[in-house]
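This is what each chain is made of:
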Amino acid sequence: MTEVVHEAHQPKAATRWWRDAVIYQVYVRSFADGDGDGVGDLVGARGRLGYLADLGVDAVWLTPFYTSPMADFGYDVADYRDVDPVFGTLADARALIDDAHAYGMRVIIDVVPNHTSDRHAWFAAAVQAGPGAPERGRYIFRPGRGASGELPPNDWESVFGGPAWTRLPDGEWYLHLFDHRQPDLNWDSPEVHEEFTAILRFWLDLGVDGFRVDVAHGMVKAPGLPDIGTAGQVELLGTAVLPYFDQEGVHEIHRGWRRLLDSYEGERIGVAEAWAPTQERLARYVRPDELHQAFNFHFLKAPWDAAVMRVVIDESIATVSPVGAPSTWVLSNHDVKRHVTRYGGGEAGVRRARAAALLMLALPGSAYVYQGEELGLPEVLDLPDEVCRDPQRLRAPGDGRDGCRVPIPWAHAEPPFGFGPPGVADTWLPMPRSWAPLTVEAQAGDPGSTLSLYRAALRLRRGHAALGDGTMRWHGSPPGTLVFGRGEDFVCTVNMTGEPVELPRPGDLLLASAPVAQRGRSVVLAADSAAWWAAGRA
Ligand code: BGC
């Protein structure tokens, strides 16, 4: 077999936990409800830490639980040092962090530095103070264009659709790259820097192991706020350098934050949510003196196609290797359609999603698991309009992000599937009745379930010296398949075609996403399947 080796990738570094951690994303609102109001919370999440430890993840990433009017479900923060009552209290946060540590899991929390809520005390003061007041200097206020300032200051568009500017009754406009209830902070202001340093310290002192930095590419805007000159900017996101994204200045902020993280014991980390136009530009966020990891959305966006997937994997590894950072792999999150559905939905979607999990967990680096993917949950596509609450959908009608945020089904045969305490009827988004076979309870005892596959894969990954951080090498394989080795004794095979494919037997079967037929010295991989092999023992 021909082999292509990624020579440049860093050797396994056993002590640096984040280089190969499997990090489980808890979208707090939809994970588990402790108080019975139909909305997930910290007490609920704390009660399910045993499940996560048993699943075998290394760390938990909690989405924002700060005080918030929930215009963007917590990504609009009104107080960065407190917990919203719907999610619990500061004491609940502390208890959750402590319990996770007792289970041997680390805790990463979201920090949202690009914008605050319009209910943040700073924004309220800025609105009140009026044009020209120093309070406005913490945000991006400008006079409008046109004879009486009736036109926005420039042509920038919100990521959620429509203009990125809103006008106040006093005539000034403020910038919001997202919803109008999420005003952008002005990172030219020293006060903003100082405030965020204090916020990070607050949570580091409370014991968090790191931060997922929301919109890490957005805080700095090009001087003069120049026009872009084209409409439909949402199409350019992540493909072009825009005057409001991926500006050079953001890197200086990340360097400062890295120094702060490094001043704490225990390898506290920063993870960039950065939509960079190229892999090379993404790698700049994880240079040795910047953040530790960046989400690899190129992998998430790749279609179910072996040739494309191989290129994306090669590029992902090749671009972070020179800066010494680990690759990250992610298939789903709270902002995108769940991958069961992206890969075609129905039985084929589930088959592919199971195979994708084994592919992802065999690749070198760190992996992110979005709550519910271990249950094979699909996107909920038929939510009635009246229950959909995502501000993106409300500003720019389309699929929206509600369908990937439906609460997790834990047990029982009927909604709300044990999401909260007994006797509670409605969840904040309705759960499909068809999820009865997908609950944790239904899958836990079934060795063929997706939950069992994830558990087995995570257990093997943790115990196998070749998995996690390290190198990989491609083996020659038929079109539509991927075969690669890790270390001396591990091979992963993936058949991304809709037909069975015969291969020379790579070794002893460790784990498979679908039954593998063994024929003497050959094996037949089922359509849309992946398998892990102990190599060299054929
Ligand atoms: C988060 C989104 C949020 C946006 C604005 C994102 O990248 O993941 O859920 O709407 O930032 O804060």
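Residues numbered from 1 in each chain as written. Predicted model: local features only at pLDDT ≥ 70, side-chain atom pairs only at ≥ 80, totals over all residues. Heavy atoms only, no water.

A. Summary view of the layout of surface pockets. Estimated volume of the largest pocket: approximately 880 Å³. Val159, Leu237, Trp275, Asp335 and Gln392 are the residues nearest the centre of the largest pocket, which is lined by 33 residues in total. For the lining of the largest pocket, a count of residues per class yields 13 nonpolar, eight polar and 12 charged. (1 Å grid on protein atoms, 1.4 Å probe; cavity = no way out; pocket = protein on both sides within 12 Å on 5 of 7 lines; lining within 4 Å. Points joined across faces, edges and corners; volume = space filled by probe spheres on them. Nonpolar A, V, L, I, M, F, W, Y, C, P; charged D, E, K, R; others polar.)

B. Expanded view of the domain arrangement of the protein chain. Its domain assignment divides the protein chain into domain 1 (14–115 + 190–455) and domain 2 (121–175). Averaged C-alpha coordinates put domain 1 and domain 2 at centres separated by 30 Å. Facing the 25 residues of domain 1 at the interface are 18 residues of domain 2. A buried area of about 1,700 Å², summed over both sides, lies between domain 1 and domain 2, and 57% of it is on carbon and sulfur atoms. Of all residues in domain 1, Leu225, Asp227 and Arg395 give up the largest surface area on contact with domain 2, accounting jointly for 34% of the area buried on that side. Linking domain 1 to domain 2 there are two salt bridges. Arg145 serves as the salt-bridge partner of Asp227, at 3.1 Å between the closest nitrogen and oxygen. In this structure, the connection of domain 1 to domain 2 is made through 10 residue pairs in polar contact (both at pLDDT 80 or more). For the side of domain 1 that touches domain 2, the elements supplying multiple residues, two or more each, are helix H5 (190–206) and helix H12 (391–395). (Domains from an automatic or database assignment. Contact = heavy atoms within 4.5 Å. Buried area = accessible area lost by both parts, 1.4 Å probe. Salt bridge = Lys/Arg side-chain N within 4 Å of Asp/Glu carboxyl O. Polar contact = N/O pair within 3.5 Å; in protein donor to acceptor, adjacent residues only side chain to side chain. Helix = DSSP H or I, 4+ residues; strand = E, 2+ residues; numbered from the N terminus.)

C. The site of the ligand, seen in detail. In the region of the ligand, 14 residues are neighbours, and Asp72, His115, Asp214, Glu273 and Asp335 sit closest. Within the side chain of Asp72, an N or O atom sits 2.5 Å from an oxygen atom of the ligand. A distance of 2.5 Å is found between an oxygen atom of the ligand and a side-chain nitrogen or oxygen belonging to Asp335. In isolation the ligand exposes 310 Å². Once the protein is present, 97% of that is buried. In this structure the site holding the ligand corresponds to the largest pocket. (Near = heavy atom within 4 Å. Areas by Shrake-Rupley, 256 points an atom, 1.4 Å probe, with all protein chains shown as cover. Sits in = over half its atoms within 2 Å of the grid points.)

D. View of the sheet that holds strand E3 (residues 59–62). An order of E12-E11-E10-E6-E3-E2-E14-E13 is seen for the eight strands of this open sheet, with the pairing classed as parallel. This sheet does not close on itself; its edge strands, each paired only once, are strand E12 (293–294) and strand E13 (328–330). The pairing of strand E6 (residues 106–111) with strand E10 (residues 210–213) spans four bridges and is classified as parallel. Within E10, the residue paired with Asp110 across the bridge is Arg212. (Pairing = 2+ DSSP bridges.)

E. Quick look at the packing of aromatic side chains. Across all of its chains, the model carries 29 aromatic pairs by this definition. With 6.2 Å between their ring centres and 80 degrees between their planes, Trp61 and Tyr368 make a pair best called edge-to-face. In this pair, Trp61 sits in strand E3 while Tyr368 sits in strand E14 (residues 366–370), placing the two residues 307 residues apart along the sequence. Residue Tyr368 is classed as buried on the basis of its relative accessible area, which comes to 3%. Here Tyr80 and Phe196 contribute two aromatic rings whose centre-to-centre distance is 5.1 Å and whose plane-to-plane angle is 75 degrees, an arrangement assigned as edge-to-face. Here the residue Tyr80 occupies a position in strand E5 (residues 79–83), and Phe196 occupies one in helix H5, the gap between them amounting to 116 residues. Each member of the pair Tyr80 and Phe196 is classed as buried. Connected via pairs of aromatic rings, a cluster forms that spans Phe65, Tyr66, Tyr80, Trp187, Phe196, Phe202, Trp203 and Trp257. Just above the ring of Tyr343 sits the side chain of Arg342; from NZ or CZ to the centre is 5.7 Å. (Phe/Tyr/Trp six-rings, centres within 6.5 Å; stacked < 30°, edge-to-face > 60°. Buried < 20%, exposed > 50% of the residue type's maximum accessible area, 1.4 Å probe, protein only. Lys NZ or Arg CZ within 6 Å of the ring centre and 35° of its normal.)

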